[in-house]
Amino acid sequence: VGFGTATDGTIGFAGKAGVRVPVDIVDTTFAGANGTMLAGRLVMPKGGKAVPVSVLVHGSENYSGREFYFEPRAWPAQGVGVFVYDKRGTGGSQGKYTQDFHMLSDDAAAAAREARRLGGRRIARLGFDGGSQAGWIIPLAATKVDIDYAVVRYGMAESPLAEDRGETLRGLKDKGHGPEVLAKAAQVTDATAKVMVSRFTDFADLNALRAKWGAEPWWKDLQGEFTGDIARAPEAAIRVIGPQRDQGTTWAHDPMPVLRQVKAPILWIIAADDLEAPPEETAKRLVGLAKEGRKITVLEYPKTDHGIREFDVVDGKRVYTRYSDGYYRAVLDFTKTGKAGGTYGNATRLTP
C-alpha cells in the first residue's frame, strides 16, 4: 500500500490507484449526564441522500473514540453515517473516566439525540453500535431514547460478576483442573464478588475460604477479571489499593430485565471461544429472549476470541490472525436494513 501527500489524498494498492472518499464532517460538543460536556463528531457520506447513522458506544477503553475508532473512516464509504464521541474523561470530553453503566448510558442517549439534531433529514435510520462493555450500556441507552436498531458485538447478557466467574473457571479448566477444583473456585468467585460489590469492605467469606483452601495448589492459578488479584493479596492491601483503582463499575448489573424493555431490533454477535466474555450463558439467554418474541438476531463465529478475531495457537498461546470473514458485512447489513438474513462467513445463526 502506498499513500500520497496529505493534500492529494491518493492511495495505491496492489498497483491500482485510488482516491480518498469525500465525506462531510461536523464536530460538536454536547451535554451528557450531569451536564458534562462531551466532544462528538458526525461523519456522513457526501450528498443529500438520507442514510443510516450509527452512534458508536464505547467498550471499557480509556482513549478517544474520535481519534482511534475506524468506523467513522470506513462506514461512510459504504453509505453509512457515524456519530462518534469521546467517552467522559477521555480525548476532548470533560468529566472523570468511569465504568458506571447508568451514567454511560445517559451519555450514549445524549449522543443519539445530538446525532439526530445534527443529521436532521439526512438520517434514514439511527441506532447504537458497540462492543464488549457496550453490551451492557447499549440496552440501557435504548430504553432512554428512540432508536431504530442496535448492534452489540461480543458483549454479555450476564452481569460483570459473571464475566469474572467465567474467566476464572475457564482459566482453571485450561490449566487442567477438574470439577472438584472448579466447584471450590466458584465459591471463591462468589466471595470476591462480595468484595467488589461492597467496594472493598466485605472480606468475611473470602477470608474463610482463604483459610480453608488457600494452601491448595490450584489457589495460585486463580485469574479472572479480578478474582485472582483479590484472592492472593492481603486484605489490608486490597482495602487501600481497591478504592484507588475503583472506576465505579456497575458490577451487579442484571441486563435481562433491561433487554426485555428494548423495542428496537438487536443484532448480537458472539465469539464462540471468547476468553474475556465467556459466551455460553449469554447465547442461551439471547436465544431464550428470541423465543419469547424479542427482536434479537444472534450470530456466533466459531474459533474466534474477543473482537471476533480468529487465531492460531502457538506454544500454548493465541496468535490473532484476522477478523472473521462476514463479521463486518453482517454489521453493515443490519445497520442498513434491520436484518442480517444472508450468509456471513462461517457464522452460525442461533436465532430464527
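For the structure, check the block above.
Residue indices begin from 1 for each chain and proceed along its sequence in written order. The predicted origin of the model limits local features to residues at a pLDDT of at least 70 and limits the giving and counting of side-chain atom pairs to 80 or more, whereas totals for whole chains, interfaces and linings rest on all residues. The side-chain quantities take in all heavy atoms of the structure and omit both hydrogens and water.

Chemist: I keep staring at unusual backbone geometry and nothing clicks. Help me out?
Modeler: Peptide bonds are mostly trans, and most non-glycine residues show a negative phi. With phi around 50°, alanine 14 is a residue other than glycine that occupies positive phi space. Exposed residues in this analysis have more than 50% of their type's maximum accessible area, buried residues have under 20%, and partly exposed residues fall in between, with area computed by a 1.4 Å probe over protein chains only. Given the relative accessible area of 69%, alanine 14 is considered exposed. The backbone of aspartate 315 sits at a positive phi, close to 55°, despite the residue not being glycine. Under the scheme used here, helices are H or I runs from DSSP no shorter than 4 residues and strands are E runs no shorter than 2 residues, and both carry numbers assigned from the N terminus. With respect to the helices, strands and loops of the structure, aspartate 315 is situated in the loop between β13 (309–314) and β14 (317–323). The exposure class assigned to aspartate 315 is exposed, which follows from its relative accessible area of 77%.

Chemist: Explanation requested: the nonpolar core in the structure shown.
Modeler: Nonpolar side chains tend toward joint burial in soluble globular proteins. With 48 residues, the main nonpolar core has Val55, Phe128 and Leu286 as its most contacted residues. Per-element tally for this core: the top contributor is helix α3 (residues 101–119), with 8 residues. Buried Ala, Val, Leu, Ile, Met, Phe, Trp, Tyr and Cys residues form a nonpolar core when they are joined through side-chain atoms within 4.5 Å. Within the second largest apolar cluster, 23 residues are counted, among which are Leu161, Leu222, Ala233 and Ile238.

Chemist: Honestly, the layout of surface pockets in this entry has me stumped. Any pointers?
Modeler: Over the atoms rolls a probe the size of a water molecule, and its path tells where empty space is left. Think of a 1 Å grid over the protein atoms and nothing else: a 1.4 Å probe that fits but is trapped marks a cavity, an open set flanked by protein within 12 Å on at least five of seven lines marks a pocket, and residues with an atom within 4 Å of a point count as lining. Grid points are joined across faces, edges and corners, and a volume is the space filled by probe spheres set on the points. Considering only enclosed or pocket space, the largest pocket measures out at about 670 Å³ in volume. Lining the largest pocket are 32 residues; nearest its centre among them are Met196, Glu225, Phe226, Arg245 and Trp251. Where the lining of the largest pocket is concerned, the elements lending two or more residues are α5 (160–174), α8 (227–232) and α9 (235–245). Think of it as three bins: nonpolar holds Ala, Val, Leu, Ile, Met, Phe, Trp, Tyr, Cys and Pro, charged holds Asp, Glu, Lys and Arg, and polar takes everything else, Gly as well. When grouped by side-chain class, the residues that make up the lining of the largest pocket number 16 nonpolar, 9 polar and 7 charged.

Chemist: What is the right way to look at the pairing of strand β2 (residues 10–13) in this model?
Modeler: Looking down a regular strand, the side chains alternate between one sheet face and the other. In this analysis, strands are considered paired if DSSP registers two or more bridges between them. Looking at chain direction, strand β1 (residues 2–3) and β2 are connected through 2 bridges and run antiparallel. Bridged to phenylalanine 3 within β2 is isoleucine 11. Bridge count between β2 and strand β3 (residues 16–19): 4 bridges; the pairing is antiparallel. Within β3, the position partnered with isoleucine 11 by the bridge is glycine 18. Between β2 and the antiparallel strand that follows it, β3, lie 2 residues; alanine 14 among them carries a positive phi value of about 50°.

Chemist: It is not clear to me how empty space enclosed by the protein should be interpreted in this structure. Could you clarify?
Modeler: By the definition in use, this model includes 2 cavities of 30 Å³ or more. What the largest cavity holds in volume is close to 50 Å³. Here the second largest cavity defines a volume of roughly 30 Å³. Lining of the second largest cavity is provided by Tyr154, Gly155, Ile270, Ala271, Asp274, Ala277, Pro279 and Thr282. Split by residue class, the lining of the second largest cavity holds 5 nonpolar, 2 polar and 1 charged.

Chemist: I keep staring at helix α11 (residues 280–291) and nothing clicks. Help me out?
Modeler: The periodicity of an α-helix, 3.6 residues per turn, causes residues three or four places apart in sequence to face the same way. Taking 1.5 Å per residue, 12 residues should reach 16 Å; α11 reaches 17 Å between its end C-alpha atoms and fits that length. When we look at burial in α11, the residues that qualify are Thr282, Ala283, Leu286, Val287, Leu289 and Ala290. Each buried residue of α11 lies within a common arc of 155° when the element is viewed along its axis, so the set occupies one face. Turned more than 90 degrees away from the buried face of α11 sit Lys284 and Lys291, all of them exposed. Contacts: residue pairs with any heavy atoms within 4.5 Å of one another. On its buried side, α11 packs onto α10 (255–259), β10 (266–271) and β11 (296–301). Note on α11: the residue one or two positions beyond its end, glycine 293, has a positive phi of about 105°. One less than the number of residues in a helix, times 1.5 Å, gives the span that helix is expected to have. The arc under discussion is defined with respect to the helix axis, by the directions toward the C-beta atoms.

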